[in-house]
Amino acid sequence: MANMNMIQALNSAMDVMIERDPKVLVFGEDAGYFGGVFRVTDGLQKKHGMTRCFDTPISEGGIVAAGIGMAVYGLRPVLEIQFVDYIFPAYDQLVSEAAKIRWRSAGGYTVPITVRTPYGGGIFGGQTHSQSPESLFTHIAGLKTVIPSTPYDAKGLLISAIEMNDPVIFLEPKRLYNGPFNGHHDQPVVPWSKHPASDVPEGYYTIPLGKAATVREGDAVTVLCYGTMVHVAVTAAEESGIDAEVIDLRTLVPLDLEAIVASVKKTGRCLVVHEAPETSGYGAELATLVQKHCFYHLEAPVERVCGYDTPYPHAFEWDYFIGPDRVAAGMRLTLER
């Protein structure tokens, strides 16, 4: 075991896979020599050479298109998009090509690409560096969507993603890169070294996609969340004294519906929390699934605590960002109904 933050854990995952599989390569804007804007690929080019980790032009569509071509011919590219906000020029390649080739070729070809990209708010990135567009990917059949919340999960999930034969969108909560975040912006980020999930095996291990984790057990209400909101939800439960069960989905597609149903049937109440705007967010899908599969066990309507339906405000970051007070208020509302 080694003590790692999320940046180091992700770096270790790529390092392990480059050594383990000659078909794995890593590339993106500044991903080679510089090591990425958040230093997640730091040292990989120096260790493995310029053919295994290299820089690309500033062209997200070109990065993804090149990765698709390489994947069809047998490689396993790991692509870095500097911020998820920049992925939209590549959206057509992801939707029309990467997600469709297996089906178009009747299984004759697969596209084993992993698209890594920082996402979410909490670092004063403003309108174009803080978005959470996960629902745009979960809506597309053929794409898998992963969002880790700890260094241990990040490494195990990324290795699993790289080994998948289908395209994976791997969203990395940038607010969690250097430490867990309890949602109180006036308190410093706690180093990952003080968190048990920072103990990360240095070698190869996997966490299967489609398996949620119960990070806090409780009987009063189920909180469904992922990424940064996992830590905020745990803080909300602890500070409010509400006996909430917090479920970290870890992967949105495939989704661990079994774990969700088991928890909601136990508690009888459900709160969905995510950073993305509420309208047409992934929480709507979760609420519908809970209503469908747990209807006779629900004691109150499913509630949502989400981002507002506005662009992410730079000047009012902490009015927009979901903190433990908003999550606790959502829990109370669910319990009062």
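Residues numbered from 1 in each chain as written. Predicted model: local features only at pLDDT ≥ 70, side-chain atom pairs only at ≥ 80, totals over all residues. Heavy atoms only, no water.

Colleague: For this particular structure, what's the right way to read the nonpolar core?
Modeller: Membership of the largest hydrophobic core comes to 57 residues, with the highest contact counts inside it found for Leu10, Val223, Cys225, Leu271, Val273, Val327 and Met331. In terms of residue count, helix α1 (residues 6-20) provides more of this core than any other element does, nine residues in total. Sequence-distant contacts of Met331, that is, excluding residues within four places in its chain, are made with Val221, Val223, Ala233, Ala236, Ala237, Ser240, Ile242, Ala244 and Leu271. Core analysis: the second largest hydrophobic core is formed by 44 residues, Phe27, Ile63, Ile68 and Leu224 among them. (Core = buried A, V, L, I, M, F, W, Y, C linked by side-chain atoms within 4.5 Å. Buried < 20%, exposed > 50% of the residue type's maximum accessible area, 1.4 Å probe, protein only. Helix = DSSP H or I, 4+ residues; strand = E, 2+ residues; numbered from the N terminus. Contact = heavy atoms within 4.5 Å.)

Colleague: Where do I start with unusual backbone geometry in this structure?
Modeller: Excluding glycine, residues mostly carry a negative phi; peptide bonds, for their part, are mostly trans. Here the bond from Val253 into Pro254 is cis, since omega is 0 degrees, no more than 30 degrees from zero. Relative to the helices and strands, Pro254 resides in the loop between β12 (251-253) and α9 (257-267). One non-glycine residue with positive phi stands out, namely Ala106, at about 55 degrees. Its place among the elements puts Ala106 in the loop between α5 (101-104) and β5 (114-119). For Ala106, a relative accessible area of 73% puts it in the exposed group. Positive phi, normally seen in glycine, also occurs at Ser280, with a value near 60 degrees. Looking at the secondary structure, you find Ser280 in the loop between β13 (270-277) and α10 (282-294).

Colleague: Looking at this structure, how should I read the pairing of strand β11 (residues 244-248)?
Modeller: As a general feature of sheets, a regular strand has side chains that alternate between the two faces. For β11, a buried count of five out of five residues is recorded, marking the element as mostly surrounded by other parts of the structure. Here β11 shows a buried face lined by Ala244, Val246 and Asp248 and a second buried face lined by Glu245 and Ile247. Alignment of strand β10 (residues 221-225) against β11, held across five bridges, turns out to be parallel. Of the residues in β11, the one forming a bridge with Val221 is Ala244. The parallel pair β10 and β11 is bridged by helix α8 (residues 228-240), and the resulting crossover is right-handed. (Pairing = 2+ DSSP bridges. Right-handed = clockwise from strand over helix to strand, strands pointing away.)

Colleague: Mind showing me how you'd approach the pattern of salt bridges here?
Modeller: Pairing is possible between side chains of opposite charge, provided their charged atoms come close. Applying the stated rule across the entire model yields 15 salt bridges. Lys23 is the partner of Asp21 in a salt bridge, and the nearest nitrogen-oxygen pair spans 3.1 Å. Since its relative accessible area comes to 11%, Asp21 is described here as buried. For Arg269, the salt bridge is made with Glu299, and the minimal N-O distance between the two is 3.2 Å. (Salt bridge = Lys/Arg side-chain N within 4 Å of Asp/Glu carboxyl O.)

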